[in-house]
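Below are the chains, spelled out letter by letter.
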Amino acid sequence: PRLAALRPSARLFAAPLLLAAAFVTFNPSARAADSDAPSRHYQQYCASCHGADRLGGSGPALLPENLVRLRKEEALEVIRDGRAATQMAAFGATLKADEIAALGALIYTPVVPAPKWSEADIRASRIQHVDPTTLAAKPVFDADPMNLFVVVEGGDHHVSVLDGDKLEPIHRFASRLALHGGPKFTKDGRFVFFGSRDGWVTKYDLWNLKVVAEVRAGINTRNVAVSPDGRHVAVANYLPHTLVLLDGDLNLLKSIDVTDREGKRSSRVSAVYEATPRNAFVAALKDVPEVWEISYDPAAEEIPIGHVHDYKLREGAFVRGYLNPRRTELAQVLDDFFFTQDYSTVLGASREGVGQVVNLDVRRKIADLPLDGMPHLGSGITWEWQGRRVMASTNLKAAEVTVIDLQDWSVVKRIPTRGPGFFLRSHENSRYAFVDSMMSRDAKNILQVIDKQTLEIVRELKAAPGQTLAHVEFTRDGRYALASLWEMDGALVVYDAQTLEEVKRLPMKKPVGKYNVWNKTMREEGTSH
Ligand code: DHE
């Protein structure tokens, strides 16, 4: 009962702690054979922060799905030496090398059966941080609320809010661990929603500079999307295989088990996006070749069986269009994708680089895309080039930016770069686009500037060798471009977007990404949405 009286976040933390204590004190296997040692050590040293079930607590979840980005050797180093600027302690003096190796093997072993995160778990995890009725209905600061930047500082898991005119921080707050994907803003720029790799969704009030509410929607999450009015939020999960729909206060509306039409094969969700002209969320599935469109319009047309999610319905039946997925079935999985500005069409690629163009109105593939390597269409941007609309994206495996004609889907140009890159960014008021070579071995420190009219590289901006310079976002008017010096003692480097000269630096802890309220809410053509 005392545990039940705690706030959900405290319960999440305390439950494993108590369990761990119980385990250490009473578990008879504490003296059992050595094959039990890794589990015993896990419960003794890790469970209080990472959860008795490895689903996370104040520390991240320790499941193979959540650890894919961490090399095993690095994980062993972290167990041995701890992690600077975090609560992760060093166990090198407590555990022998082979015990650390066994603990490492344990956390990379899948939990069987796969852990569940039910609707009840989602509901129980919700935390209301402030009473919304106490929040002011206008900004508590003088800066232009539509020209704020939200900067995700991955180094110490914080978020900074910048005044985009003065280019100065106005606030900084602690975030959930490992935020990933772009934070998503409501159209008025007041609220922003963050998703963490461990499934936490945070609603933040930018006018009041306060965390309003949080909920854990999954165990391993890809990203979040929000409707412009802020009334609907969608969460794409890898673990469990669910797509979670929340209301604007982060109360659960429904958690959809993601399967193919027959309900035979379940799937992770690669990502979910909001498509305003369609009043819908659009999601791609990673293990089933389908794109789903989920209307958040309560008056949405009914969907005939055959396109819907609920395979148990009898032939000829209809379901409500509202919050029920409508399927587009394809021959190939879409892993990463880009929308045309009117959201009628999706350009997608599989991890193997198979590209296809899908029209969401006729709900089928309408063309192939001539792509190679691993195009990162999610980082795509678009502009007018010689009277035609083109899009361009980086490639995670090839040293090029690929420019595609959006009329006939042909490749206009492959612009050679220093190395495979992650992000591409521009602004309609700028003739330049900035691309990194983050995925290369020796050119991570170089940002290249592309002239959007000549399609040539015209300049290189360099950080010190060995450092990483990547991810650019423009100010609302396109005058300045802010790049991340992606180091623990890193910075935002501000460039004049015309002269390309450095203007100033703002110290930041590994600023993974930065997002301008205006550019995001206006769906500026030079930024991902
Ligand atoms: Fe991301 C956005 C997928 C690894 C930093 N990344 C996205 C989005 C997707 C995606 C689908 C768009 C979601 C959105 O904005 O709502 N990312 C993937 C992967 O599949 C991949 C390659 C492997 C993985 O581990 O999941 C991957 N991503 C990374 C990283 O390693 C990065 C560099 C560091 C990190 O913090 O994880 C990283 N991804 C980002 C960032 C964005 C992003 C900063 C937002 C870009 C933007 O400007 O909107």
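All values derive from a computational prediction rather than experimental measurement. (Residues numbered from 1 in each chain as written. Predicted model: local features only at pLDDT ≥ 70, side-chain atom pairs only at ≥ 80, totals over all residues. Heavy atoms only, no water.)

Trainee: Is there a simple way to think about the overall build of the protein chain in this case?
Mentor: Of the regular secondary structure elements, the protein chain holds six helices and 35 strands. Reported as C-alpha extents along the three principal axes, the dimensions of the protein chain are approximately 75 × 65 × 50 Å. The 529 residues of the protein chain split such that 56% are buried. Restricting to contacts in the protein chain with at least 6 residues of sequence separation, those with at least 24 account for 47%. Accessible surface, the protein chain: about 22,600 Å² in total, of which carbon and sulfur atoms supply 52%. (Helix = DSSP H or I, 4+ residues; strand = E, 2+ residues; numbered from the N terminus. Buried < 20%, exposed > 50% of the residue type's maximum accessible area, 1.4 Å probe, protein only. Contact = heavy atoms within 4.5 Å. Areas by Shrake-Rupley, 256 points an atom, 1.4 Å probe, with all protein chains shown as cover.)

Trainee: Is there a simple way to explain the sheet that holds strand β22 (residues 364–369) in this structure?
Mentor: Spatial ordering of the open sheet is given by β19-β20-β21-β22, a layout of four strands whose pairing is antiparallel. Two strands lie at the open edges of the sheet, namely β19 (336–339) and β22, each paired on one side alone. The mean angle between the axes of side-by-side strands here comes to 25 degrees, regardless of whether they run parallel or antiparallel. The sheet contact formed by β19 and strand β20 (residues 345–349) spans four bridges and is antiparallel. Bridged to Asp 336 within β20 is Ala 349. (Pairing = 2+ DSSP bridges. Axes fitted to C-alpha atoms, helices over the stretch in contact; angles between N-to-C directions.)

Trainee: How do you make sense of the nonpolar core when you look at a structure like this?
Mentor: If you look at the biggest cluster of nonpolar residues, it comprises 24 residues, and the most contacted ones within it are Val 201, Val 235, Val 244, Leu 246 and Leu 250. Look past the residues within four positions of Val 244 in its chain and what remains in contact with it is Ile 122, Ala 217, Val 233, Ala 234, Val 235, Asn 237, Leu 252, Lys 254 and Ser 255. (Core = buried A, V, L, I, M, F, W, Y, C linked by side-chain atoms within 4.5 Å.)

Trainee: Could you clarify how one ought to interpret the coordination of the iron atom of the ligand in this entry?
Mentor: The textbook angles at a metal center are 109.5 degrees for a tetrahedron of four donors and 90 or 180 degrees for an octahedron of six. The protein supplies the iron atom of the ligand with one donor atom, His 180 (NE2), which lies at 2.2 Å. Counting through the fold element by element, His 180 comes out in the loop between β4 (168–174) and β5 (184–185). (Donors = N, O, S within 2.8 Å, 3.2 Å for Na, K, Ca; no water.)

Trainee: I keep staring at the pairing of strand β13 (residues 269–275) and nothing clicks. Help me out?
Mentor: Along any regular strand the residues' side chains alternate between the sheet's two faces. Among the seven residues that make up β13, seven are buried, leaving the element largely enclosed by the rest of the structure. Here β13 runs beside strand β14 (residues 280–285); their pairing, made up of six bridges, is antiparallel. Looking across to β14, one finds that Ala 275 is bridged to Ala 280. Turn length for the β13-β14 hairpin, with the two strands adjacent in sequence and antiparallel, is four residues, and the turn residue Asn 279 shows positive phi of about 50 degrees.

Trainee: What should I look at first to understand the side chain of Asp 260 in this one?
Mentor: Relative to the helices and strands, Asp 260 resides in the loop between β12 (252–257) and β13. At 2.8 Å, the side chain of Asp 260 forms a polar contact with the backbone nitrogen of Lys 264. (Polar contact = N/O pair within 3.5 Å; in protein donor to acceptor, adjacent residues only side chain to side chain.)

Trainee: Please clarify how the site of the ligand should be interpreted in this entry.
Mentor: Surrounding the ligand, one finds 21 residues, the nearest of these being Arg 69, His 180, Lys 184, Arg 197 and Arg 425. The separation between a nitrogen atom of the ligand and a polar side-chain atom of His 180 is 3.0 Å. Breaking the shell around the ligand down by element, the ones donating at least two residues are β9 (220–226), β13 and β35 (511–516). Here the residues of the shell around the ligand are counted per class, giving eight nonpolar, six polar and seven charged. (Near = heavy atom within 4 Å. Nonpolar A, V, L, I, M, F, W, Y, C, P; charged D, E, K, R; others polar.)

Trainee: Help me understand the packing of aromatic side chains in this model?
Mentor: Aromatic ring pairs are described here by two measures, namely the spacing of the ring centres and the angle between the planes. Applying the stated criterion across every chain yields a total of eleven aromatic pairs. Consider the rings of Tyr 273 and Phe 339, whose centres lie 5.7 Å apart with planes at 70 degrees: the pair is edge-to-face. Within this pair, whereas Tyr 273 is found in strand β13, its partner Phe 339 is found in strand β19, the two being separated by 66 residues in sequence. Phe 339 matches Tyr 273 in its accessibility class, with the two residues each being buried. Pairing Phe 434 with Phe 474 gives two aromatic rings, centres 5.7 Å apart and planes at 70 degrees, and the pair type is edge-to-face. Taken together, the residues Phe 434 in strand β28 (residues 432–435) and Phe 474 in strand β31 (residues 469–474) connect sequence positions 40 residues apart. For the pair shown, Phe 434 and Phe 474 are each scored as buried. A network of ring pairs unites the aromatic residues Tyr 273, Phe 337, Phe 339 and Tyr 343 as a single cluster. Looking at Arg 176, its charged tip hangs above the ring of Trp 200, at a distance of 3.7 Å from the centre. Just above the ring of Trp 117 sits the side chain of Arg 216; from NZ or CZ to the centre is 5.1 Å. (Phe/Tyr/Trp six-rings, centres within 6.5 Å; stacked < 30°, edge-to-face > 60°. Lys NZ or Arg CZ within 6 Å of the ring centre and 35° of its normal.)

Trainee: Honestly, the packing of helix α3 (residues 72–81) against helix α4 (residues 97–107) in this entry has me stumped. Any pointers?
Mentor: Where α3 meets α4, the axes come as close as 9 Å, and the angle between the chain directions of the two elements is 125 degrees. With respect to α4, the element α3 is oriented oblique. With respect to the hand of their crossing, α3 and α4 are arranged in right-handed fashion. The segment α3 lies against α4, with Leu 76, Ile 79 and Arg 80 engaging Ile 100, Ala 101, Leu 103 and Gly 104. In terms of residue class, the contact of α3 with α4 is built from five nonpolar, one polar and one charged. (Parallel < 35°, antiparallel > 145°, perpendicular 65-115°, else oblique. Left-handed = near helix turned anticlockwise from the far one by under 90°.)

Trainee: How should I be thinking about the sheet that holds β12 in this particular structure?
Mentor: Hydrogen bonding along the main chain pairs the strands of a sheet, whether they run parallel or antiparallel. Within the open sheet, the four strands sit side by side as β9-β10-β11-β12. Their pairing is antiparallel. Looking at the sheet topology across the chains shown, the edges are occupied by β9 and β12. Along the sheet, successive strands turn relative to each other by an average axial angle of 15 degrees, direction set aside. As judged from the six bridges shared by β9 and strand β10 (residues 232–239), these two strands associate in the antiparallel manner. Its bridge partner lying in β10, Val 224 is registered against Val 235.

Trainee: I keep staring at the side chain of Asp 335 and nothing clicks. Help me out?
Mentor: Mapped onto the elements, Asp 335 comes out in the loop between β18 (326–329) and β19. We classify Asp 335 as buried; its relative accessible area is 7%. Apart from residues no more than four positions distant in its own chain, Asp 335 is found in contact with Ser 270, Lys 286, Ala 349, Ser 350 and Arg 351.

Trainee: What's the story with the confidence of the model for the protein chain in this structure? I'm lost.
Mentor: Detail in the predicted coordinates should be disregarded across regions flagged by low pLDDT. Across the protein chain, the average pLDDT comes to 90, with 91% of residues at 70 or higher. Counting interchain partners and residues more than four positions distant, the pLDDT-below-50 stretch residues 1–32 has 39 contacts. Across the interface, the model reports ipTM at 0.97; the global pTM reads 0.90. (pLDDT = per-residue confidence, 0-100.)

Trainee: What is the right way to read the pattern of salt bridges from this model?
Mentor: Opposite charge on two side chains allows them to pair when their charged atoms are near. Under the defined criterion, the tally for this structure stands at 32 salt bridges. A salt bridge links Arg 176 to Glu 214, with the shortest nitrogen-to-oxygen separation between them at 2.9 Å. Residue Arg 176 is located in the loop between β4 and β5, and its partner Glu 214 is located in strand β8 (residues 210–216); the two are separated by 38 residues in the primary sequence. On the accessibility criterion, Arg 176 (18% relative accessible area) is buried. Glu 214 sits in the buried class, given a relative accessible area of 7%. (Salt bridge = Lys/Arg side-chain N within 4 Å of Asp/Glu carboxyl O.)

Trainee: Would you mind showing me how to read α4 here?
Mentor: Residue pairs spaced three or four apart in an α-helix point in one direction, given the helix's 3.6 residues per turn. Buried residues of α4: Ile 100, Leu 103, Gly 104, Leu 106 and Ile 107, and no others. One side of α4 carries all its buried residues, which in axial view fall inside an arc of 160 degrees. For α4, the exposed residues set more than 90 degrees away from the buried face come down to Ala 97 and Asp 98. Of the surrounding elements, those touching the buried residues of α4 are α2 (37–50) and α3. (Arc of directions from axis to C-beta.)

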